[in-house]
Each structure stands twice: as C-alpha cells, then as structure tokens.
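Take a look at the letters that make up each chain.
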Amino acid sequence: PIASLVFLHGGGAHSGATYPHLATALSRDHAIAVHTPDLRGHGVSAGARGDAPSPRRVWCDIDAIVRHVRARDPDLPLYLGGHSSGAGLVLNYLDLPGREQPEGYLFLAPFFGFRARTERPHAGERFARVRVAPFIVNALTGGRLLGNCRAVHLNYPGDLLTADPLLLAFYTVNMAKALTPSDPQAQIRSLDRPFGLWIGAADELFDPERVLALADCGPAVRERSETGVLANESHLSVLLRAHTVMGERVAAWVQSAR
C-alpha cells in the first residue's frame, strides 16, 4: 500500500452500509489500505445504541483508532476522512488536545452541522427531527444533565430499518454533539494539513455551492487541497463513484512528499 486511510461512516449508519464498495475500490485501484470502523454505539461496536458517555469520549475513540492504524503501518502516511456527519466528526476530532496528526483529510458529501448552513431548504427536517429542549438543558448545566437523552430522530424509512437492523433511528445529545462541529467555518480555516472535499451535484441534503464555499483556509493548505462536484451523484451514490478522485488525490500527496 502507498497510504493508510481511516474513513468514518455517516449519521445513523455503519461501516457495512455501502462503505465496503468505497474501501474495496480504493484498495484495488489505488493501493490504499482503508479502515472503516463502526463508531461506538453503531453497527457491531459496543456501547449503548446511538449514545456516548460524552462527546469527548467519541473523539478519544477516533484518536485510539488512528493511533492503532499508525502503529500497525508506521511507514505509511495516514489520512483521515468521513462521509456526511462522519466528516463533521473529523472536524471536531481535530480540536482534541494532543491528538495524532494525520497527513491530510478527505471529506465526502460532508455535513458540517447546522451552523454551516449548507442544507437545502427543508432537507434537514426531512432527514432528522431535533428536540431542542434537551440540548438547552445540557448546555445550561455544562453537559451534566440529559447527555444520554434521545434528542435527534433519524428519519430512515421503516422498510430500510427492517432490512438493515444495524441502522440507527435516533441519537442522544452526547452523540449528536460529538458529530456536530461547534464552529465549522473557524475549524476549517484552522486546518493545517491539505484536504480533499467532494459532493455530488444531485445531493438531496446539501447545496454543493454552499459546501464548497466553506472550503476557505490559508493559501499554504489551499494550494495542496482539492474540492469538486461530482456530476449526477446523490448523497449516497457518491460513495460508489468517489474512489477515483479520492485515490488520485492521495496518490498526489504521497508523490509530493517523496
């Protein structure tokens, strides 16, 4: 392999939901060793479903995964990425003091949280229903109360939940806060490593122009980064097509570092 990639799944999903196609294509066509973990409380990982002891615990989980992959293949450059709210989790993880330092980041159809204002009109309402009161109480008590309260309902169709029982229908306050960037514009501007960011032109949830407009960072990072819109792709179909641009971007980074 030329590089390692830890890639995080989206909201309510798990690593077995379409992500194996992306991982297989990156490995087969671009010689990238891809690791697609289930977040705690997701898929086959341990922990209460859709919950976490605290947002920080989720970020520490990611750090443990990244450090494990780094130790396993110490000679390979390591990249970190995510799809949808998995990309938001990456941004939050980057604020963790003392974290491991990946060589770059890959954001695919990213959901950088409601503060990013990238959602299409009413798209967020269609996918998720939020109870605001538990978040207010949690904030007013410094995170001490209602962190484990179910506060976000994910509107996956009933037949899909039946077909894939590993999908989640809700998040608690703690898990939602772990995935939701506190200040996405500032967090993106503070990136000190290059990134790739792509979204489908037909993404049902997010406006591609608004998403790309967020990719505003310093010139030293920007000149080594790449953003793009993939024609005809939706929020999920992008997982079936993005391996080419992702693989070529990682290969370019690896080559430039030699």
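Summary of the structure given here. (Residues numbered from 1 in each chain as written. Predicted model: local features only at pLDDT ≥ 70, side-chain atom pairs only at ≥ 80, totals over all residues. Heavy atoms only, no water.)

Another point: the packing of helix α2 (residues 55-72) against helix α3 (residues 85-93). It is at 10 Å that the axes of α2 and α3 come closest, and there the two elements cross at 90°. Put simply, α2 runs roughly perpendicular to α3. Packed against α2, whose contacting residues are Val 58, Trp 59, Ile 62, Asp 63 and Val 66, the element α3 presents Leu 89, Asn 92 and Tyr 93 at the interface. (Axes fitted to C-alpha atoms, helices over the stretch in contact; angles between N-to-C directions. Helix = DSSP H or I, 4+ residues; strand = E, 2+ residues; numbered from the N terminus. Parallel < 35°, antiparallel > 145°, perpendicular 65-115°, else oblique. Contact = heavy atoms within 4.5 Å.)

Attention now moves to the environment of Asp 63. Structurally, Asp 63 is set in helix α2. The exposure class of Asp 63 is buried, given its relative accessible area of 10%. Discounting residues that sit within four places of it in the chain, Asp 63 has contacts with Tyr 93, Leu 96, Arg 99 and Glu 100. A polar side-chain atom of Asp 63 sits 2.8 Å from the main-chain amide nitrogen of Glu 100. (Buried < 20%, exposed > 50% of the residue type's maximum accessible area, 1.4 Å probe, protein only. Polar contact = N/O pair within 3.5 Å; in protein donor to acceptor, adjacent residues only side chain to side chain.)

Strand order across the open sheet formed by six strands is β2-β1-β3-β4-β8-β9, with parallel pairing between neighbours. Two strands in the sheet have a free side with no partner beyond their single neighbour: β2 (32-35) and β9 (226-230). Strand after strand, the sheet turns through a mean of 20° between neighbouring axes, direction not considered. Strand direction decides the pairing type here: strand β3 (residues 78-83) and strand β4 (residues 104-108), joined by five bridges, are parallel. Note that in β4 the partner of Gly 82 across the bridge is Phe 107. In this fold helix α1 (residues 19-30) packs onto β1 (3-8), β2, β3 and β4, with an angle of close to 160° to the strand it touches most, β2. With respect to the sheet, α3 is in contact with β1, β3 and β4, its orientation differing from that of β3 by roughly 135°. (Pairing = 2+ DSSP bridges.)

Attention now goes to the side chain of Arg 249. Relative to the helices and strands, Arg 249 resides in helix α12 (residues 243-257). At 3.5 Å, the side chain of Arg 249 and the backbone oxygen of Arg 224 are in polar contact. Contacts of Arg 249, omitting those with residues within four sequence positions, involve Leu 106, Trp 198, Arg 224 and Glu 226.

Strand pairing in a sheet is mediated by backbone hydrogen bonds. Such pairs are either parallel or antiparallel. Spatially, three strands are ordered β5-β6-β7 in an open sheet, and the strand pairing comes out antiparallel. With one partner strand each, in any of the chains shown, β5 (128-130) and β7 (170-172) form the two edges of the open sheet. For this sheet, the mean inter-axis angle between neighbouring strands, taken without regard to orientation, is 25°.

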